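Take a look at the letters that make up each chain.
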Amino acid sequence: MRPPTALALALAALTFAANPTRAQESSAVERIVLPPGPMATLVARLEARAFDPVAPPPAWPAWETAGEDDGWANERPWREWVELLRAEAAAADDDVGRPLRRARLALLAKLQGRGADAWDHLLECGEHPLTAAVLPALLPGVPIELLGAAGPLPPGVTLSPAVPPLTTDSRGNRRALGGRSMEHREVRIGDALMTLVVLIEGDGVQIDVIPRGGPAVDLRVLPPVPAGVDIGLLYSDWEKVATERAVVPFRLEPDMERFTIWARFLGRRDRWPSAGRALPSRVRMENELEVVVPPERANDARLARFAEALAELFDRPCTLRTTLDPPRATLLEPIAIHLGADDASGKLLGLLSMIEASVLARDGRASRADD
């Protein structure tokens, strides 16, 4: 079994909680701790300001389930996504509508499990009340339907924090997630107060929940997963509970030092496409597009709507066909986007990330460095 790796963070948080006067003084300026970088700077500025509460942006339908009226098997959410990207790509930097558009894109990325994209969109909101309204969805991972609710979170709530935000070095390259941590020191669930720490390492993600006051309380945590990996083993307080990513329920007792969740990464064999990269330049040419899927996914309405969204977004035909169907006869060979049977959902999310990076790029570069 892997030994604890966030011991120093846990001890620091316990020392912090043991000194009430120091805790009160520090919580005002260090309630939220992020890796050094633009997002940490922005959050520090937000924490120093007082905003009148604002309602969070309208919610998106659940990503994994297809509702009869507004799910992702229908046109409406895809059209909203296309319209948001188009409006944001055409907007000036000082456009007053930017915070709302980016806040909506941030919530969508979080809903889909694209944590790095969610932080990027939130950073573009700047010092706006919507940034403060959306931030809890990423850390400590408040359910989107509870954003903006007054008072503490209800007992039994499921927290699903995002991966920590990436940093940018002096050369403008995106640094890897390994070794990055973040924490929220004032998570209130019922009458209980706790600190939540998220630590990404090369072989897994660790979440520590540290009691800081109040009675025992039940909660649930869903560990974040960086792009390009799955969860191979999941431990609840160092006892194996699953061989895949899953929600971990537990009871946090006031006399615990901490409760630890450890999720070991399982690398994917096929890691294309890289999250965060823009589409290859040839995709931005005038060739028609095809979304190619195995025959068993031919009736996946969500993929059909995805093809329609690409056609509208890039203003060219985009068809959905199976691997058994011949390519369409066109003057220029269609550019085929293959979503195989293995990890088709992961590839689709990677494509959404690449599409957003391409459409919203403002400096003309074809791609950004790997996450």
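Details of the structure are given in the entry above.
Below or above, wherever it landed, is the structure these notes cover. (Residues numbered from 1 in each chain as written. Predicted model: local features only at pLDDT ≥ 70, side-chain atom pairs only at ≥ 80, totals over all residues. Heavy atoms only, no water.)

1. Remarks on the overall build of the protein chain
Filter applied, for reference: By the criteria applied, helices consist of DSSP H or I runs no shorter than four residues and strands consist of E runs no shorter than two, each listed in order from the N terminus. Each residue's exposure class comes from its accessible area (1.4 Å probe, protein chains only) as a fraction of the maximum for that residue type: buried when under 20%, exposed when over 50%, partly exposed otherwise. Accessible surface area values rest on a Shrake-Rupley calculation with a 1.4 Å probe, where residue burial reflects the displayed protein chains alone.
Across its full length, the protein chain carries 9 helices and 13 strands. Among the 371 residues that make up the protein chain, the fraction classed as buried is 49%. Accessible surface for the protein chain amounts to roughly 17,400 Å². Of this, 51% is attributable to carbon and sulfur atoms.

2. A word on the sheet that holds strand E6 (residues 217-221)
Put simply, the test is: When DSSP finds at least two bridges between two strands, those strands are taken to pair.
What the 3 strands build is an open sheet, ordered E2-E6-E9; its pairing is mixed. Sheet topology places strand E2 (158-159) and strand E9 (248-252) at the edges, where each strand pairs with a single neighbour. Bridge count for E6 against E9 is 5 bridges, and the pairing is antiparallel. When the sheet's bridge partners are listed, Val217 is paired in E9 with Leu252.

3. What about the sheet that holds strand E13 (residues 335-338)?
Quick reminder of the rule: Where helices are involved, their axes are fitted lines through C-alpha atoms of the stretch in contact, as for all axes, and angles between N-to-C directions lie from 0 to 180°. Contacts between residues were defined by any pair of non-hydrogen atoms, one from each residue, lying within 4.5 Å.
Strand order in the open sheet made by the 3 strands is E12-E11-E13, with parallel pairing throughout. Two strands in the sheet have a free side with no partner beyond their single neighbour: strand E12 (318-322) and E13. Strand-to-strand twist of the sheet, defined as the mean angle between neighbouring strand axes without regard to direction, takes the value 25 degrees. Inspection of the sheet shows strand E11 (residues 289-293) paired to E13 by 4 bridges, in the parallel sense. Directly across from Leu289, in E13, lies its bridge partner Ile335. Against the sheet, helix H8 (residues 301-314) touches E11, E12 and E13, its axis set at about 150 degrees to E12.

4. So, helix H4 (residues 75-90)
Our working definition: An expected span of 1.5 Å times one less than the residue number is assigned to each helix. This arc corresponds to the set of directions leading from the helix axis out to the C-beta atoms.
For H4, spanning 16 residues, the distance from its first C-alpha to its last is 23 Å, which sits close to the expected 22 Å at 1.5 Å a residue. Here H4 has its buried residues at Pro77, Trp78, Trp81, Val82, Leu84, Leu85 and Glu88. Down the axis of H4, the smallest arc covering the buried residues is 160 degrees, so these residues share one side.

5. Some thoughts on the packing of aromatic side chains
Applied cut-off: Classification of ring pairs uses Phe, Tyr and Trp, with its six-membered ring standing for Trp, and accepts pairs whose centres are within 6.5 Å; under 30 degrees between planes counts as stacked, over 60 as edge-to-face, and the remaining range as tilted. Charge-over-ring contacts are defined here by two conditions on Lys NZ or Arg CZ: a distance within 6 Å of the ring centre and an angle within 35 degrees of the ring normal.
Tallied over the entire structure, the rule returns 7 aromatic pairs. When the ring of Trp78 is compared with that of Trp81, the centres are 5.9 Å apart and the planes differ by 80 degrees; the resulting orientation is edge-to-face. Within this pair, Trp78 and its partner Trp81 are both found in helix H4, separated by 3 residues, close to a single helical turn. On the basis of relative accessibility, which here comes to 2%, the residue Trp78 falls in the buried class. The exposure class assigned to Trp81 is buried, which follows from its relative accessible area of 1%. Among the aromatic residues, those joined into a ring-pair cluster are Trp60, Trp63, Trp72, Trp78, Trp81 and Phe306. Cation over ring: Arg104 sits above Trp60, and NZ or CZ is 4.1 Å from the ring centre. Here Arg302 stacks its cationic end above the ring of Trp63, 4.3 Å away from the centre of that ring.

6. Details of unusual backbone geometry
For residues that are not glycine, phi is negative in most cases, and the peptide bond is trans in most cases. Here the residue pair Leu139 and Pro140 is connected by a cis peptide bond, since its omega of 15 degrees sits within 30 degrees of zero. One can find Pro140 in the loop between helix H7 (129-138) and E2. Phi is positive for Trp238, close to 70 degrees, though the residue is something other than glycine. Here Trp238 is to be found in the loop between strand E7 (229-236) and strand E8 (239-242). What makes Trp238 buried here is its relative accessible area of 14%.

7. Section: the environment of Arg321
Applicable threshold: As used in this structure description, the phrase polar contact means that two N or O atoms lie within 3.5 Å; if the pair is within protein, one of them must be able to donate a hydrogen and the other to accept it, and residues adjacent in sequence are counted only when both atoms belong to side chains.
With respect to the helices, strands and loops of the structure, Arg321 is situated in strand E12. With 30 residues separating them in the primary sequence, Arg321 and Val291 have C-alpha atoms 6.3 Å apart. A polar contact is formed between the side chain of Arg321 and the backbone oxygen of Asp325, at a distance of 2.8 Å.

8. Describing H8
Here H8 spans 20 Å end to end across 14 residues, near enough to the 20 Å set by a 1.5 Å rise per residue. In terms of burial, H8 is largely enclosed, as 10 of its 14 residues are buried. Residues Arg302, Leu303, Ala304, Arg305, Phe306, Ala307, Ala309, Leu310, Leu313 and Phe314 constitute the buried set of H8. The opening residue of H8, the one whose side-chain oxygen lies 3.0 Å from the backbone nitrogen of Arg302, is Asp300. Two residues or fewer after H8 comes Asp315, characterised by a positive phi angle close to 55 degrees.

9. Concerning the pairing of E6
Residues Val217, Leu219 and Val221 line the buried face of E6, whereas the alternating positions Asp218 and Arg220 sit on a face that is not buried. Judged from the 2 bridges that link them, E2 and E6 form a sheet pairing that is parallel. In the sheet register, Thr158 faces E6, and the bridge partner there is Arg220.

10. Structural notes on the nonpolar core
Heads up, the condition is: The definition of a nonpolar core used throughout is a set of buried Ala, Val, Leu, Ile, Met, Phe, Trp, Tyr and Cys residues joined through side-chain atoms within 4.5 Å.
Residues Trp81 and Trp119 are the most contacted members of the largest nonpolar core, which totals 88 residues. In contact with Trp81, other than residues within four places in its own chain, are Trp60, Leu105, Leu108, Ala309, Leu313, Leu352, Ile355 and Glu356.

11. Overview of the pattern of salt bridges
For clarity, the cut-off: In the sections that follow, a salt bridge refers to a side-chain nitrogen of Lys or Arg positioned within 4 Å of a carboxyl oxygen of Asp or Glu.
Here the structure, examined in full by the defined rule, presents 25 salt bridges. Linking Glu124 and Arg98 is a salt bridge whose minimum nitrogen-to-oxygen distance equals 3.2 Å. Here Arg98 lies in helix H5 (residues 98-112) and Glu124 lies in helix H6 (residues 115-125), a separation of 26 residues in the sequence. Residue Glu124 is classed as partly exposed on the basis of its relative accessible area, which comes to 36%. The exposure class assigned to Arg98 is buried, which follows from its relative accessible area of 7%. We note a salt bridge from Arg258 to Asp208, for which the minimum N-O separation is 3.6 Å.

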